[in-house]
Amino acid sequence: MAYSFEIGPIRPPNEPNSLLIRVTRNCDWNKCKFCKLYKGNKFEIRTVEQIKHDIAIAKILRDRIMEITIKAGQSGGMQKVIGMVLKDPPNESFRNVALWLLGGGENIFLQDSNGLILKTEDLGQVLVTLKTSFPRSKRIAIDARPQTVLKRKPRELLQLRQAGLSRLNISLESGCDTVLQFMNSGETAEIHIKGGRRVVESGISLSEYVTLGLGGKDLSIQHAKQTAGVLNEIDPEFIRVRTLTVNNQVPLNSDIENGRFMRATDEEIIREERVFIETLDVHSNYSSDHVSNLLPELTGKLPEEKHKLITILDRFNALSMTEKANFMIGRRVGLYKNLVDLDDYQRHDLVEQIKLKLNQKDKKLDPKVIFKLMEDFI
Ligand code: SF4
């Protein structure tokens with residue numbers, strides 16, 4: 001039987017080639033209205049022995065792929081062998097290790113939610129085992145809730161950094177307490193600021209995740225301003241945005257159906273993002289790499305590239321209604337990535353045909369059509 005180890009369901013978009021090692025199962029909070037990731041699944045902290053066992057298997061798989069490469073001779077080398085493994089992997093574990101090697105074998109992500117909840121000593125042991133087993137690894141990242149960060153003393157975070165923890169991801173989502181409360185996030189702006197600051201002070205790189213559209217129509221601008229305000233206090237290394245998506249498995253859907261929450265349209269979210277970026281006063285890398293975002297090209301270093309980001313948003317805002325509709329549909333069906341794609345007349349025509357089929361020609365675009373396209377695409 002082929003070797004395998006446990007892998008959780010989520011690979012963050014900025015960890016496309018990372019080795020996934022599962023330290024927790026599911027989410028210990030599991031109550032956010034906008035999230036369906038681990039609903040119905042029990043939270044568990046895996047034991048150090050279980051995690052070490054998985055690391056040992058990952059090492060065997062890595063060694064095996066290297067061995068096959070040496071045996072296969074020089075024609076094409078490691079890339080060729082990895083390509084073969086990825087084409088027909090014996091199981092998901094092999095695929096995980098092959099993908100990792102393809103990316104240089106440098107980054108590791110510890111799944112699932114809130115991995116920092118492991119006792120510091122236990123997490124330290126996991127990190128040391130990873131570093132010893134994979135000495136070439138450069139980045140080890142983990143997710144954490146800010147309340148969990150605040151349960152760790154500054155010296156514990158320092159110990160974890162020294163053991164090899166290089167990045168912590170925190171889902172801020174919003175810096176507006178009204179939004180956080182409505183969404184049942186269990187956190188407040190103040191906890192986020194304190195937790196985020198503690199990570200920054202420890203020297204561990206911090207990624208803060210923000211959800212555009214989380215304030216809906218009513219709180220859109222408040223959400224933008226207050227989220228930027230919280231980030232200004234934290235000054236994380238990375239700010240990563242994604243856009244609210246809601247299908248019928250997401251608890252927030254019942255609030256939408258009952259009229260308690262009105263989703264912001266793509267155009268309103270672009271307005272919100274402009275206010276958000278304008279209000280940011282940070283030294284962070286801004287990233288829009290999530291598939292749910294209308295404008296993934298909004299990537300740059302702040303404050304240096306703030307003007308560049310605002311210019312992209314203004315370019316979208318300056319489009320005619322028809323061109324905006326063409327871009328929104330094209331992006332939501334996966335034909336466009338950047339605004340410049342509008343100049344590709346073949347794709348542009350194709351989108352016009354799709355628009356016709358959707359019965360949206362010569363009409364003001366129905367936001368529900370766009371929401372549906374976006375959720376189907378994701
Ligand atoms: S804490 Fe994160 S994973 Fe857990 S329910 Fe909230 S958004 Fe989902």
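Anything mentioned here points back to the structure above.
The numbers attached to residues start from 1 for each chain and follow its sequence in the written order. Where local features are concerned, this predicted model is filtered to residues with pLDDT of at least 70; where side-chain atom pairs are given and counted, the filter is 80 or more; whole-chain, interface and lining totals use all residues. Side-chain measures were taken over the full set of non-hydrogen atoms in the model, leaving aside hydrogen atoms and water.

Participant: Hey, could you run me through helix 1 (residues 48-71) in this one?
Facilitator: Residue pairs three or four apart in sequence face the same way in an α-helix, which turns once every 3.6 residues. A rise of 1.5 Å per residue sets the reference length of helix 1, with its 24 residues, at 34 Å; its end C-alpha atoms lie 34 Å apart and thus fit the reference within 8%. When accessible area is computed with a 1.4 Å probe and restricted to protein chains, residues below 20% of their type maximum are described as buried, those above 50% as exposed, and intermediate ones as partly exposed. The numbering of helices and of strands both runs from the N terminus, where a helix is a DSSP run of H or I of at least 4 residues and a strand a run of E of at least 2. All of the buried residues in helix 1 are Val48, Ile51, Asp54, Ile55, Ile57, Ala58, Leu61, Arg62, Ile65 and Thr69. Expected helix span is given by 1.5 Å per residue-to-residue step, counting one fewer step than there are residues.

Participant: What is the right way to look at the state of the cysteines in this model?
Facilitator: Covalent bonding between the sulfur atoms of two cysteines is what defines a disulfide. When two cysteine sulfur atoms lie within 2.5 Å, the pair is treated as a disulfide. Using the criterion set out here, one finds 0 disulfides in the structure. Sulfur of cysteine 176: no disulfide; nearest cysteine sulfur belongs to cysteine 32 and is 15 Å away. For cysteine 176, a relative accessible area of 0% translates into the label buried.

Participant: Mind showing me how you'd approach helix 4 (residues 120-133) here?
Facilitator: The end-to-end C-alpha separation of helix 4 is 20 Å, in line with the 20 Å expected for 14 residues at 1.5 Å each. Along helix 4, the positions that sit buried rather than exposed are Thr120, Leu123, Gly124, Val126, Leu127, Thr129, Leu130 and Ser133. Two residues qualify as a contact provided that any one of their heavy atoms is within 4.5 Å of a heavy atom in the partner residue. Here the buried face of helix 4 lies against strand 1 (19-22), helix 1, strand 4 (107-111), strand 5 (139-143) and helix 6 (154-163).

Participant: Teacher, can you tell me more about the environment of proline 9 here?
Facilitator: Mapped onto the secondary structure, proline 9 falls in the segment before strand 1. Given a relative accessible area of 56%, proline 9 falls into the exposed group. It is 28 Å that separates the C-alpha atoms of proline 9 and isoleucine 68, two residues lying 59 residues apart in sequence. The contact partners of proline 9, leaving out residues within four places of it in the chain, are Arg22, Tyr38, Gln111 and Asp112.

Participant: Before we go on, may I ask you to explain the packing of aromatic side chains in this structure?
Facilitator: The description of an aromatic ring pair uses the distance of the two centres, along with the angle that the planes make with each other. Aromatic rings from Phe, Tyr and Trp, taking only the six-membered ring of Trp, are treated as a pair when their centres fall within 6.5 Å; an angle between ring planes under 30 degrees marks them as stacked, one over 60 as edge-to-face, and anything in between as tilted. Summed over the entire model, instances satisfying the criterion amount to 5 aromatic pairs. An angle of 75° between the planes, with centres 4.9 Å apart, marks the rings of tryptophan 100 and phenylalanine 134 as edge-to-face. Here tryptophan 100, found in helix 3 (residues 92-102), pairs with phenylalanine 134, found in the loop between helix 4 and strand 5; they are 34 residues apart in sequence, far enough to count as distant. Judged by its relative accessible area of 1%, phenylalanine 134 is buried. Between phenylalanine 327 and tyrosine 336 the ring centres are 5.6 Å apart and the planes differ by 15°, which places this aromatic pair in the stacked class. Considered together, phenylalanine 327 and tyrosine 336 belong to a single accessibility category, that of buried residues. Put simply, the rings of Phe316, Phe327 and Tyr336 touch in pairs and so form one group of aromatic residues. Distance and angle both matter: a charge sits over a ring if NZ of Lys or CZ of Arg is within 6 Å of the ring centre and within 35 degrees of the ring normal. Here the basic side chain of arginine 263 rests over the ring of phenylalanine 371, its NZ or CZ set 3.8 Å away from the ring centre.

Participant: Even after reading the chapter, I still don't get the site of the ligand, so can you show me in this structure?
Facilitator: In these notes, residues near a molecule or strand are those with any non-hydrogen atom within 4 Å of it. For the ligand, the full set of nearby residues is Cys27, Asn30, Lys31, Cys32, Phe34, Cys35, Tyr38 and Arg145. Note on residue classes: Ala, Val, Leu, Ile, Met, Phe, Trp, Tyr, Cys and Pro are nonpolar, Asp, Glu, Lys and Arg are charged, and everything else, Gly too, is polar. Its residues assigned to classes, the shell around the ligand shows 5 nonpolar, 1 polar and 2 charged.

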